[in-house]
Amino acid sequence: TIAQRAGGNPFFAEELIRSSIEQGILTGTAGDFRATAAGRDAPLPATVEAVLRSRIDRLAETDKLLLQAASVVGKEFPLSVGAQVAHISVDQARRSAQRLLSAEMLYQRLDVQRDNFAFRHPLVQEAAYGSLLTEQRRQLHQGAAAALAVQFREQADEHASLIGHHWEEGGKSLAA
């Protein structure tokens, strides 16, 4: 059923499997999954976006806050910036990031810095961003602009367009 629903899209198939495991529809280990009794007739989401949104909805609140804040910051983000935008401590963000790594929504950018993360797939970022209400987006963009201005104060010229973009999206044209 998963193979048919995924229609040959490996990312969609992976996300359907992850979602099914999280919901208790599948049990087992890689290469040896089986449908549970409750999962045999469970409906599967029709689109990859629907699967990602349902996975995001099931996240713990702090994990969801970090993921949504990060989706506003960009494909890659320093953990300290994600924490500041999400209004959580860096320690909370680190624990959430570890859970999001385990859920394969993020990966750690070891080639850059220990505390830099990126979205595993652009569709994960898009689904997290799409789960935000307009006013939430505006506020998070303002927070991202402020956090990035502090983070990159030594390289302000190099990051001016990014920071300006966030001010603009945050409804602060003069600041942009």
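Undergrad: Honestly, the sheet that holds strand β4 (residues 106-108) in this entry has me stumped. Any pointers?
TA: Through backbone hydrogen bonds, the strands of a sheet pair up, either in parallel or in antiparallel fashion. Spatial ordering of the open sheet is given by β3-β5-β4, a layout of three strands whose pairing is antiparallel. Edge strands, defined here as strands with exactly one partner in the open sheet, are β3 (76-78) and β4. Strand-to-strand twist across the sheet, computed as the mean angle between neighbouring axes with direction ignored, equals 30°. Taken together, the three bridges between β3 and strand β5 (residues 116-119) define a ladder with antiparallel strand orientation. When the bridges of β5 are listed, Phe 77 appears paired with Phe 117. Along the sheet, helix α5 (residues 79-86) contacts β3 and β5; its crossing angle with β3, the most-contacted strand, is approximately 85°.

Undergrad: What is the right way to look at the nonpolar core in this model?
TA: Grouped burial of nonpolar side chains is what soluble globular proteins tend to show. Formed by 45 residues in total, the largest nonpolar core has its most connected members in Leu 67, Val 85 and Met 105. For this core, the element with the most residues is helix α4 (residues 61-73), which contributes six residues. Excluding residues within four positions of it along the chain, Val 85 makes contact with Ala 69, Val 73, Leu 140, Gly 143, Ala 144 and Ala 147.

Undergrad: I'm lost on helix α2 (residues 10-22) in this one. Help?
TA: Residues spaced three or four apart along an α-helix face the same direction, because each turn holds 3.6 residues. Between the first and last C-alpha of α2 there are 18 Å, a value that for 13 residues agrees with the 18 Å anticipated at 1.5 Å per step. Taken residue by residue, α2 has Phe 11, Phe 12, Ala 13, Glu 15, Leu 16, Arg 18, Ser 19 and Ser 20 as its buried positions. Where α2 is buried, its residues meet α1 (2-6), β1 (26-29), α3 (48-57) and α7 (122-130). A side-chain oxygen of the first residue of α2 lies 3.0 Å from the backbone nitrogen of Phe 11; this N-cap is Asn 9. Within two residues after α2, Gly 24 carries a phi angle of roughly 80°, on the positive side.

Calculation notes
Residues numbered from 1 in each chain as written. Predicted model: local features only at pLDDT ≥ 70, side-chain atom pairs only at ≥ 80, totals over all residues. Heavy atoms only, no water. Pairing = 2+ DSSP bridges. Helix = DSSP H or I, 4+ residues; strand = E, 2+ residues; numbered from the N terminus. Axes fitted to C-alpha atoms, helices over the stretch in contact; angles between N-to-C directions. Contact = heavy atoms within 4.5 Å. Core = buried A, V, L, I, M, F, W, Y, C linked by side-chain atoms within 4.5 Å. Buried < 20%, exposed > 50% of the residue type's maximum accessible area, 1.4 Å probe, protein only. Expected span 1.5 Å × (residues − 1). Polar contact = N/O pair within 3.5 Å; in protein donor to acceptor, adjacent residues only side chain to side chain.

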